[in-house]
Amino acid sequence: MNPSILLTQPPPLLTPNKPNHTSFKFFTTYKYTNTNRNRYRFKHSYRLPTVRCSSQPTQTDQPSTNAVSNATFGERKELTALQSVVDSMSPAVRLASSVVVVAGAVAAGYGLGLRIGGSKSASLGGAVVLGVAGAGAVYAVNSSVVPEIAAVSLHNYVAGSDPGAVTKEEIENIASRYGVSKQNEAFNAELCDIYCRYVLSVLPSDGEDLKGDEADIIIKFKNSLGIDDPDAAAMHMEAFQKLIYVSTLVFGEASGFLLPWKRVFKVTESQVEVAIRDNAQRLYASKLKLIGQDIHPEELISLRDAQLQCRLSDELAEDMFREHIRKLVEANISTSVDVLKSRTRTARDARLIVEELDKILAFNNLLVSLKNHPDASRFARGVGPVSLIGGEYDGDRKMDDLKLLYRAYVADSLSGGRMEKEKLSALSQLRNIFGLGKREAESIAIEVTSKVYRKRLAESVTGGALEAADSKAAFLQNLCEELHFDPEKAIEIHEAIYRQNLQQYVNDGELSDEEVKSLERLQVMLCLPKQTVEKIHEDICGTLFEKVVKEAIAAGVDGYDADVKQSVRKAAYGLRLTRGVAMSIAGKAVRKIFISYIQRSRASGSRTEAARELKKMIAFNNLVVTELVSDIKGESSETPTEDEPIDVEAKPVEEVDDEEWESLQTLRKVKPARMTTGKPGQTEITLKDDLPDRDRTDLYKTYLLYCLTGEVTRVPFGAQITTKKDDSEYAFLKQLGGILGLTDKEIVEVHRSLAEQAFTQQAEVILADGQLTKARVAQLNELQRQVGLPSEYAQKIIKNITSTKMAAALETAVGQGRLSIKEIRELKGSGIELDVMVSQSLRQNLFKKTVDDIFSSGTGEFDEVEVYEKIPEDLGIDANKARDVVHELARTRLSNSLIQAVSLLRQRNTSGVVSSLNDLLACDKAVPASPLSWEVPEELADLFSIYIKNDPAPDKLSRLQYLLSIDDATAEALKELKDRAVPTSETSEEEFVF
């Protein structure tokens with residue numbers, strides 16, 4: 001066998017069992033799991049036997065099979081009493097017994113249920129419970145006891161036989177006799193144990209050589225056992241790994257060169273480390289099994305020493321210790337969960353759950369204290385609070401079980417009617433151990449505590465302790481403190497109790513005086529604020545009242561009779577609602593109907609149809625809503641009353657002058673002081689807060705136009721007939737304004753805006769060109785009279801139209817350059833506000849054009865006051881910015897003027913030369929310049945000569961001489977030639993140049 005092949009297999013997961021007391025103490029019992037044919041994870045319990053090194057001398061003259069003593073497999077094993085009984089049964093008898101046990105359990109459960117419950121359902125329940133219990137017992141026997149008996153029989157068969165006489169058929173017969181498979185955990189573990197003992201006994205001891213038949217002997221025995229090759233190979237590998245580990249412990253640091261595993265057996269360093277690690281874990285695990293929940297410091301110190309001797313790393317030791325602690329706690333949890341889920345749980349069982357949880361808490365406290373122990377550095381690694389992370393109860397599926405246990409512990413903590421401080425600490429620790437979130441734990445605690453609080457509160461009320469207390473608030477506060485209950489949650493319970501009582505009282509549709517007094521007494525005892533009680537009444541009684549109101553509204557205009565009125569009055573008084581609450585409930589229902597009318601009005605195809613829907617809403621308000629409001633308030637529908645006004649929010653009154661009401665003809669018809677026929681409609685329920693301001697004014701305007709234009713009826717052939725309405729429609733218009741919640745100012749504004757709109761449309765047609773003639777004034781006055789618009793508003797509209805038209809004309813004229821500064825000044829003199837009608841950019845462009853005209857006028861004049869002050873003032877532009885514009889234009893025009901003068905000189909245009917030189921002088925006045933340079937000085941002299949002949953002013957001539965850089969001698973010579981004729985085009989160029 002190649003050891004390198006064996007050691008490359010993944011190490012088995014081992015859990016130490018009872019040690020085998022032999023000369024090699026490191027051979028212990030382990031469990032493995034075999035998952036497939038290629039990977040080794042063993043789940044068979046086996047024991048490596050004692051290696052007979054020298055105590056049993058071998059007989060060299062006997063066959064190899066006789067060299068192995070039967071003592072190698074150990075002594076025969078004895079069965080327990082239960083195992084003996086089961087062993088005496090054949091498979092058929094065991095099956096029949098199982099049926100009998102289950103049937104007997106079902107019959108007993110049926111009889112017990114019938115005796116206790118007295119009903120068929122109780123008897124069936126008892127039969128199911130005991131039947132399940134009997135089936136569980138049968139299953140336990142067949143799944144655990146029978147395989148163990150089969151394993152004992154296998155051991156006794158091999159131990160009592162010669163190894164060479166063991167046959168595969170006999171082993172299969174044993175498995176068949178007990179109805180188990182050879183792959184059964186207990187049975188297969190025994191096979192592996194027997195095989196391992198035999199292999200080690202075949203190998204020769206120290207000083208002896210191999211005989212060469214060992215492999216054949218082992219193969220023969222392996223085939224006789226019928227053990228699978230993967231299981232057999234694992235035994236060889238495990239033995240070799242243990243040898244590596246023990247050797248490393250024996251030689252310590254020197255094992256690196258004394259034990260050349262890598263060189264001799266081709267074993268890698270990682271494989272050696274794996275062997276050491278796995279065996280160290282197994283040995284340490286065997287030590288951990290001795291640790292229980294009553295752990296002592298000495299045990300932890302001993303455990304630490306064992307870890308160091310095993311050469312196990314601190315990290316692995318810590319993980320193993322925490323895993324062991326977790327499993328101890330999981331055992332308590334599993335016991336508690338089993339009891340918790342038991343259908344026959346009793347009070348004693350409930351106490352058992354708490355005891356198990358107390359064990360966990362005590363164990364956790366012990367671990368915390370040991371962690372803080374002065375000698376904690378000498379303790380085994382991993383000592384600390386309990387954690388379930390990574391274990392059986394670390395998952396969402398098990399979290400529900402943990403929550404149930406936490407709930408049970410909370411309930412037990414409150415079983416005495418109060419929560420002790422030590423219980424609070426215990427609950428906090430239990431929450432941390434279970435890994436519950438803070439909100440989850442609080443939710444469970446609140447749910448349980450709420451029930452206890454309700455029970456204590458009910459006892460205090462029925463016993464009279466709460467009513468007799470001097471301070472109800474102090475009594476309730478003390479109750480919350482005893483239970484460590486959140487007062488806010490207690491208030492919620494108080495509200496729920498009050499709500500429940502009120503709901504019971506109003507089942508008949510009204511509250512009696514006694515019921516009202518009872519509720520008031522309950523309110524005082526529970527310390528409920530008035531606002532809270534009113535809100536509860538509004539929710540419960542308001543729902544009943546809302547139903548009555550909706551039925552009354554649904555009756556419609558024709559169905560609101562005396563019975564409906566009586567029903568509304570009874571509900572409004574019998575449910576003891578305040579008028580404000582009753583009106584609020586009624587208002588919600590009424591406004592929904594109003595909105596439906598408005599939606600139909602908006603969806604209609606014409607103004608006439610829209611106005612008709614609004615008119616229906618007005619009629620509904622007058623005939624139904626007004627009566628409903630009167631019934632809620634308890635007023636008579638025939639005559640006004642001076643009873644106490646309803647407690648509703650007062651609508652602010654906005655003052656509107658009488659002159660404003662009289663300013664328009666339509667306003668005079670809806671003036672508040674104007675008398676109307678019949679009973680006025682209610683105005684307390686409005687749509688002021690349900691519709692935007694724009695929508696409300698648009699609806700009012702729609703009906704106003706209907707009043708102004710009349711009703712339009714379409715006839716065949718596309719014609720239509722308009723029927724004028726009388727002033728009675730304005731009474732409905734006034735009521736519509738009240739329903740829409742419009743103030744007086746808003747109504748006046750709607751009328752005025754509509755009149756202004758009509759006048760503006762006609763006036764824009766009359767003043768299309770912006771000219772206001774006498775004839776047009778007469779037309780506008782007639783239009784004003786027809787519309788009914790006050791004169792001041794009409795004049796404002798006329799002025800706005802003419803100003804707009806004129807502004808457009810001015811903009812066009814300025815943009816096209818058809819306006820001069822002179823014309824601008826004439827317009828300003830006529831009262832035209834130029835800075836309003838003409839944009840600033842156009843005015844700035846006009847200023848640039850005016851200055852440019854000055855610099856190109858050919859006069860040579862520049863008036864600083866005119867340019868820097870007057871013109872900017874006339875155009876309404878900034879003077880400083882205007883000065884910057886002038887300077888920029890002057891610098892540009894100065895050089896351009898010289899170039900233009902030379903060009904004209906070459907063209908023999910003397911008048912143009914003089915004008916260009918004058919423009920140059922004008923620019924120089926705006927921005928004084930330095931002497932100018934030119935490539936041909938003779939041309940500058942010619943320019944000066946031509947300018948002299950024009951008889952300029954001395955100051956201009958002197959300034960030009962300076963700018964053209966002409967010295968005095970040349971200037972005097974040119975002046976003497978003043979009378980000389982200017983050369984013509986026929987004159988030679990030499991005569992033209994000085």
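Refer to the structure printed above.
Residues numbered from 1 in each chain as written. Predicted model: local features only at pLDDT ≥ 70, side-chain atom pairs only at ≥ 80, totals over all residues. Heavy atoms only, no water.

Enquirer: For this particular structure, what's the right way to read helix α8 (residues 229-251)?
Expert: Within an α-helix, residues lying three or four positions from one another point in the same direction, as the helix has 3.6 residues per turn. In this model, α8 (23 residues) spans 33 Å end to end at C-alpha, consistent with the 33 Å of a helix rising 1.5 Å per residue. Of the residues flanking the end of α8, it is Gly252, one or two places downstream, whose phi is positive at about 60 degrees. (Helix = DSSP H or I, 4+ residues; strand = E, 2+ residues; numbered from the N terminus. Expected span 1.5 Å × (residues − 1).)

Enquirer: Explain the packing of aromatic side chains here, please?
Expert: Given two aromatic rings, one states the distance between the centres and the angle between the planes to describe the pair. Taken as a whole and assessed by the stated rule, the structure comprises 7 aromatic pairs. On the basis of an interplanar angle of 90 degrees and a centroid distance of 6.2 Å, the ring pair of Phe594 and Phe620 is categorised as edge-to-face. Residue Phe594 is found in helix α25 (residues 579-603), and its partner Phe620 is found in helix α26 (residues 607-633); the two are separated by 26 residues along the sequence. Exposure remark for Phe620: the relative accessible area of 5% places this residue in the buried category. For the pair Phe855 and Phe862, a centre-to-centre distance of 5.6 Å together with 20 degrees between the ring planes defines the contact as stacked. The two residues Phe855 and Phe862 agree in class, both being buried. Among the aromatic residues, ring-to-ring pairing joins Phe594, Tyr597 and Phe620 into one connected group. One cation-aromatic arrangement involves Arg576 over Tyr573; the distance from NZ or CZ to the ring centre is 5.4 Å. (Phe/Tyr/Trp six-rings, centres within 6.5 Å; stacked < 30°, edge-to-face > 60°. Buried < 20%, exposed > 50% of the residue type's maximum accessible area, 1.4 Å probe, protein only. Lys NZ or Arg CZ within 6 Å of the ring centre and 35° of its normal.)

Enquirer: It is not clear to me how the nonpolar core should be interpreted in this structure. Could you clarify?
Expert: For soluble globular proteins, the rule of thumb is that nonpolar side chains tend to be buried together. Counting 139 residues, the largest nonpolar core has Phe321, Ile333, Tyr406, Phe434, Tyr453, Phe545 and Leu628 as its most contacted members. If we ignore the near neighbours within four places in the chain, the residues touching Tyr406 are Leu427, Leu430, Arg431, Phe434, Leu436, Ala441 and Ile444. Ile821, Leu846, Val867 and Ile871 belong to the second largest nonpolar core, which has 47 residues in total. (Core = buried A, V, L, I, M, F, W, Y, C linked by side-chain atoms within 4.5 Å. Contact = heavy atoms within 4.5 Å.)

Enquirer: Hey, could you run me through the pattern of salt bridges in this one?
Expert: A side chain of one charge can pair with a side chain of the opposite charge if their charged atoms are brought near each other. All chains considered together, the criterion is met by 37 salt bridges. For Lys403, the salt bridge identified is with Glu440, shortest N-O distance 3.4 Å. Of this pair, Lys403 sits in helix α15 (residues 396-413) while Glu440 sits in helix α17 (residues 438-463), and the two are 37 residues apart along the sequence. Three or more residues are tied together by salt bridges with common partners; here these are Arg418, Glu420, Arg456 and Glu482. (Salt bridge = Lys/Arg side-chain N within 4 Å of Asp/Glu carboxyl O.)

Enquirer: How should the packing of helix α24 (residues 562-574) against α26 be read in this particular structure?
Expert: The description of two packed helices rests on the angle between their axes and on the distance between the axes. Taken N-terminus to C-terminus, the directions of α24 and α26 make an angle of 40 degrees; their axes are 8 Å apart at the nearest point. The orientation of α24 with respect to α26, classified from their angle, is oblique. Between α24 and α26 lies a crossing whose hand is right-handed. Mapping the contact onto sequence places Lys565, Val568, Arg569 and Ala572 in α24 and Glu627, Leu628, Ser630, Asp631 and Ile632 in α26. Of the residues that constitute the contact of α24 with α26, the class distribution is 4 nonpolar, 1 polar and 4 charged. (Axes fitted to C-alpha atoms, helices over the stretch in contact; angles between N-to-C directions. Parallel < 35°, antiparallel > 145°, perpendicular 65-115°, else oblique. Left-handed = near helix turned anticlockwise from the far one by under 90°. Nonpolar A, V, L, I, M, F, W, Y, C, P; charged D, E, K, R; others polar.)

Enquirer: Honestly, the environment of Ala755 in this entry has me stumped. Any pointers?
Expert: Structurally, the position occupied by Ala755 is in helix α31 (residues 744-766). Taking the relative accessible area as the measure of exposure, Ala755 reaches 8% and is therefore buried. With 34 residues separating them along the chain, Ala755 and Leu789 place their C-alpha atoms 6.1 Å apart.

Enquirer: Would you mind showing me how to read unusual backbone geometry here?
Expert: Trans peptide bonds make up most of the peptide bonds, and negative phi angles are found at most residues other than glycine. Positive phi, close to 55 degrees, is recorded for Cys527, a residue that is not glycine. Examined against the element boundaries, Cys527 turns out to sit in the loop between α21 (513-525) and α22 (530-554). Non-glycine residue Arg576 carries a positive phi angle of around 55 degrees. As for its placement among the helices and strands, Arg576 is situated in the loop between α24 and α25. When its relative accessible area of 30% is taken as the criterion, Arg576 is described as partly exposed.

Enquirer: What exactly am I supposed to notice about a negative patch on the surface here?
Expert: Residues Glu442, Asp486, Glu488 and Glu492 make up a contiguous surface patch of negative charge. Within the secondary structure layout, Glu488 lies in helix α20 (residues 487-505). (Patch = residues over 30% accessible without salt bridge, like charges linked within 9 Å, V, L, I, M, F, W, Y side chains within 5 Å. Areas by Shrake-Rupley, 256 points an atom, 1.4 Å probe, with all protein chains shown as cover. Lys, Arg positive; Asp, Glu negative; His and termini not counted. Charge placed at Lys NZ, Arg CZ, Asp CG, Glu CD.)

Enquirer: How should the side chain of Ser897 be read in this particular structure?
Expert: Position of Ser897 among the secondary structure elements: in helix α38 (residues 879-906). Judged by relative accessible area, Ser897 falls into the buried class, the value being 2%. Beyond its immediate chain neighbours, meaning those up to four positions away, Ser897 contacts Ser916, Asp919 and Leu920.

Enquirer: Is there a simple way to explain helix α16 (residues 421-434) in this structure?
Expert: Between its terminal C-alpha atoms α16 stretches 20 Å, which fits the 20 Å expected from 14 residues at 1.5 Å a residue. Every buried residue belonging to α16 is among Ala426, Leu427, Leu430, Ile433 and Phe434, and all of these are buried. All buried residues of α16 fall inside an arc of 125 degrees around its axis, so they share one side. Set apart from the buried face of α16 by more than 90 degrees, the exposed residues are Lys421 and Asn432. The positive-phi residue at the C-terminal boundary of α16 is Gly435, with phi of around 75 degrees. (Arc of directions from axis to C-beta.)

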